[in-house]
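# Tertiary structure, described
Here is what each chain is made of, one letter per residue.
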Amino acid sequence: MDFSIPAGCLALMERLASCGYPSYLVGGCVRDLCRGVAPHDYDLTTSASPDEMKRVFADFRVIETGIAHGTLTVLSDGEPYEVTTFRIDGGYSDGRHPDDVIFTPSLEEDLARRDFTVNAMAYSPSDGLTDPFGGQADVKHKIIRAVGEPERRFSEDSLRVLRALRFSSTLGFAIEPATAAALCKLAPTVTRVSPERIREELLKLLSGKSSEGVLLAYRDALFAAVPALSPIGEKWDAAARAAGGLSSDPVLALAALGLSLGENGVAALFRALKTDRKSEKRASLAVSAYSDGLPTDLFAAAAFLIRYGEDTARDAVLLAKAYGDGNAEAADSAIDAFLATGRPSTLSELAVRGDDLKAIGIPAGPALKETLATLLDLASRGETANEKNALLAAAARLKTERKR
Ligand code: ATP
Ligand code: MG
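Residues numbered from 1 in each chain as written. Chains lettered and ligands numbered in written order. Predicted model: local features only at pLDDT ≥ 70, side-chain atom pairs only at ≥ 80, totals over all residues. Heavy atoms only, no water.

Quick look at the nonpolar core now. Core analysis: the biggest nonpolar cluster contains 98 residues, and Leu25, Leu229 and Leu257 have the highest contact counts within it. If one sorts the elements of this core by residue count, helix α16 (residues 298–322) sits on top with ten residues. Composition of this core by domain shows at least three residues from each of domain 1 (1–140) and domain 2 (293–341). Contacts of leucine 229, omitting those with residues within four sequence positions, involve Leu202, Leu222, Phe223, Trp236, Leu257 and Leu269. Counting residues in each nonpolar core, the second largest holds 14 residues, with Val352, Leu357, Leu391 and Ala394 among its members. (Core = buried A, V, L, I, M, F, W, Y, C linked by side-chain atoms within 4.5 Å. Buried < 20%, exposed > 50% of the residue type's maximum accessible area, 1.4 Å probe, protein only. Helix = DSSP H or I, 4+ residues; strand = E, 2+ residues; numbered from the N terminus. Domains from an automatic or database assignment. Contact = heavy atoms within 4.5 Å.)

This is the structure we're talking about:
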C-alpha cells in the first residue's frame with residue numbers, strides 16, 4: 001500500500017516524528033485513498049497533546065479552532081491541516097455530544113471511537129495501514145458498517161443515523177443489515193440533534209450520487225429522524241426520484257423533495273432545518289413558480305420572467321425536468337427564445353426610468369409604478385421598442401387613456 005500524500009502534509013508528519021510523536025492520516029482521507037479517490041482534505045491524528053503540538057509547530061502558522069477537542073489547524077505549504085491528539089470520547093449523556101474528551105496514547109482507541117469501519121482506518125508511510133475493524137474490506141465490498149455494537153454507537157450520538165445514510169448516498173455503499181436495523185430503530189432520537197447539524201447531513205445526503213436509492217429505502221427512518229419531512233407522506237417516492245436527479249444542487253433537491261408541500265410548506269421545511277434565508281427564498285420561489293405553470297411560448301415566457309426573474313424561472317424548469325414534466329423542454333426553449341430577443345424583463349433593463357416619466361408629468365406614486373409595469377409589459381412583448389422615445393410616447397398615450 002503506497003498512497004501519494006501532499007508534501008505539506010508529509011512535512012507535518014516528519015516534524016512530529018522528529019520530535020518523537022507518531023502521526024497518521026485518519027478518517028475520510030484514508031477511506032478515499034483506499035477507494036482510489038483524491039481526498040478533499042487530509043486530517044492527521046497524533047500522540048502529541050495539544051500543548052506538545054503547539055511546541056512542535058511553533059514555527060508554523062497555527063489556528064487554535066478546536067483546541068478543547070485536541071484539534072489544531074496547521075498551515076503547511078499553503079494548505080490547512082487539522083491535527084488532532086489521539087482521543088476517546090467521554091460519556092454521551094445527551095446522545096448529542098461527548099461529555100468530555102479524554103486524550104489517549106493509543107491509536108487503536110482513537111479509531112474505536114469513530115463511526116463506521118471505512119472511516120476508522122489510519123495510514124502513515126512508515127507503518128502502512130492500521131485497520132482494526134476491517135475498513136479496507138468494507139471499502140472493497142462497498143459497505144457502511146458501524147464500528148462496534150451498532151445500537152450502542154447510534155445511541156451515543158444520534159447524528160450517526162444520518163451520517164450512515166449520508167455516506168451510503170455519497171459513496172454508493174450499502175448499509176450492513178445490523179447497522180441498518182439499528183439506525184432505523186434509533187432514527188427518532190435524531191430529533192435531539194441541532195437542526196443545523198441535521199441540515200448539514202441531509203444536504204450532503206441529497207448531494208450524493210446514490211441519494212435516490214437511500215431516500216427510497218429509508219423513508220420511514222427519515223420521517224422519524226426529520227419529522228418536517230413526514231408531511232410529504234405518500235408523495236415520497238416521486239419526490240425521492242426527483243431529488244435524485246438534482247444531486248448536483250442539494251438545495252434544489254430539497255425543494256424538489258418538498259414540492260408537494262407547496263410554497264409555504266417548502267419554506268416551513270427549510271425553516272425547520274434552520275437553512276439560510278437565501279436558500280429558503282430560492283426554494284419556495286422555485287416551487288411557487290413551478291406550481292404557477294411553466295410558459296411554453298414567447299409571450300408566456302416574457303410574463304413568467306417579469307414575474308419571477310431568470311434564476312427562479314430556470315430553477316422551476318429544473319424542478320419540472322426532475323419530475324419528468326413533459327413541458328420542461330418547451331419551457332426551457334421558450335425562456336431561451338425570449339432571452340435571445342434581447343427584450344427587457346426587468347425594470348432595470350427598461351430604457352426609461354421613473355424620473356423620465358415624472359418629467360413628462362406622471363406623478364410619483366401608484367400611477368408611475370403602474371405605467372412602468374405596463375411599459376415593461378409592452379417592451380417585453382415587442383409591442384413597443386425598448387427605446388426611450390418610443391417608451392415615452394407610449395407613456396404619454398397611457399396617460400391620456402387614464403384620464404378618459
Ligand atoms: P467527508 O469526506 O465528507 O469530509 P469524513 O469521513 O472526513 O467525510 P467528517 O465529518 O469530516 O467525515 O469526519 C471526519 C472523521 O471523524 C470521520 O471519518 C470519522 O472517523 C470521525 N467522525 C466524524 N463525526 C463522527 C461522529 N459523529 N461519530 C464518530 N466519528 C465521527
Ligand atoms: Mg472530512
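This part takes up the packing of aromatic side chains. For any pair of aromatic rings, the description consists of the separation of the ring centres together with the inter-plane angle of the planes. Going through the model one piece at a time under the given rule, you end up with seven aromatic pairs. With 5.4 Å between their ring centres and 80° between their planes, phenylalanine 57 and phenylalanine 60 make a pair best called edge-to-face. With a centroid separation of 6.1 Å and 75° between ring planes, the pair formed by phenylalanine 116 and phenylalanine 167 is classed as edge-to-face. Of this pair, phenylalanine 116 sits in the loop between α4 (107–112) and β8 (122–124) while phenylalanine 167 sits in helix α7 (residues 159–171), placing them 51 residues apart in sequence. Comparing phenylalanine 116 with phenylalanine 167 shows no difference in burial state: the two are buried. One aromatic cluster in this structure is built from Phe116, Phe154 and Phe167. A cation over a ring is seen here: arginine 166 above phenylalanine 167, with NZ or CZ 4.2 Å from the ring centre. Arginine 381 extends its terminal NZ or CZ atom over the ring of phenylalanine 299, reaching a point 5.6 Å from the ring centre. (Phe/Tyr/Trp six-rings, centres within 6.5 Å; stacked < 30°, edge-to-face > 60°. Lys NZ or Arg CZ within 6 Å of the ring centre and 35° of its normal.)

As a matter of local geometry, ligand 1 sits amid 13 residues, with Arg31, His40, Asp157, Arg160 and Arg166 nearest to it. Histidine 40 is positioned with one of its side-chain polar atoms (N or O) 2.7 Å from an oxygen atom of ligand 1. One of the backbone nitrogen or oxygen atoms of aspartate 115 is found 3.1 Å away from a nitrogen atom of ligand 1. Bound to the protein, ligand 1 loses 78% of the 590 Å² it would expose on its own. (Near = heavy atom within 4 Å. Polar contact = N/O pair within 3.5 Å; in protein donor to acceptor, adjacent residues only side chain to side chain. Areas by Shrake-Rupley, 256 points an atom, 1.4 Å probe, with all protein chains shown as cover.)

What follows concerns the packing of helix α12 (residues 236–244) against helix α13 (residues 250–257). The contact between α12 and α13 brings their axes to 8 Å, and the two run at 165°. When the axes of α12 and α13 are compared, the pair comes out roughly antiparallel. Judged by the sense of rotation from one axis to the other, the crossing of α12 with α13 is right-handed. Contacts between α12 and α13 pair Trp236, Ala239, Ala240, Ala242 and Ala243 from the former with Ala253, Ala256 and Leu257 from the latter. Grouping the amino acids of the contact of α12 with α13 by side-chain chemistry returns eight nonpolar, no polar and no charged. (Axes fitted to C-alpha atoms, helices over the stretch in contact; angles between N-to-C directions. Parallel < 35°, antiparallel > 145°, perpendicular 65-115°, else oblique. Left-handed = near helix turned anticlockwise from the far one by under 90°. Nonpolar A, V, L, I, M, F, W, Y, C, P; charged D, E, K, R; others polar.)

Here we come to the pairing of strand β3 (residues 61–66). Sheet analysis places β3 next to strand β4 (residues 71–76), joined by four bridges and oriented antiparallel. The residue of β4 that forms the bridge with isoleucine 63 is threonine 73. (Pairing = 2+ DSSP bridges.)

Turning next to the environment of valine 161. Structurally, the position occupied by valine 161 is in helix α7. The class of valine 161 is buried, set by a relative accessible area of 1%. Sequence separation between valine 161 and glutamate 201 is 40 residues, and the spatial gap between their C-alpha atoms is 9.8 Å. When near neighbours in sequence (up to four residues on either side) are disregarded, valine 161 contacts Phe154, Leu183, Leu186, Ala187 and Val190.

So, about the pairing of strand β5 (residues 79–85). Across four bridges, the pairing between strand β2 (residues 43–46) and β5 is parallel. Looking at the pairing, leucine 44 lines up with valine 83 of β5. When β4 meets β5, the two strands line up antiparallel, connected through six bridges. When the sheet's bridge partners are listed, threonine 73 is paired in β5 with glutamate 82. Counted between consecutive antiparallel strands, the loop separating β4 from β5 contains two residues, among which aspartate 77 sits at a positive phi close to 55°.

For the rest of this paragraph, the subject is the packing of α13 against α16. Remark: α13 packs on α16, axes separated minimally by 10 Å, with the N-to-C direction vectors making an angle of 60°. On the basis of the axis angle, α13 is oblique to α16. α13 and α16 meet at a crossing whose hand is right-handed. For the pair formed by α13 and α16, the contact residues are Leu252, Ala255 and Ala256 on the first element and Asp315, Leu318 and Leu319 on the second. Its residues placed into classes, the contact of α13 with α16 shows five nonpolar, no polar and one charged.

These figures capture arrangement, not role.
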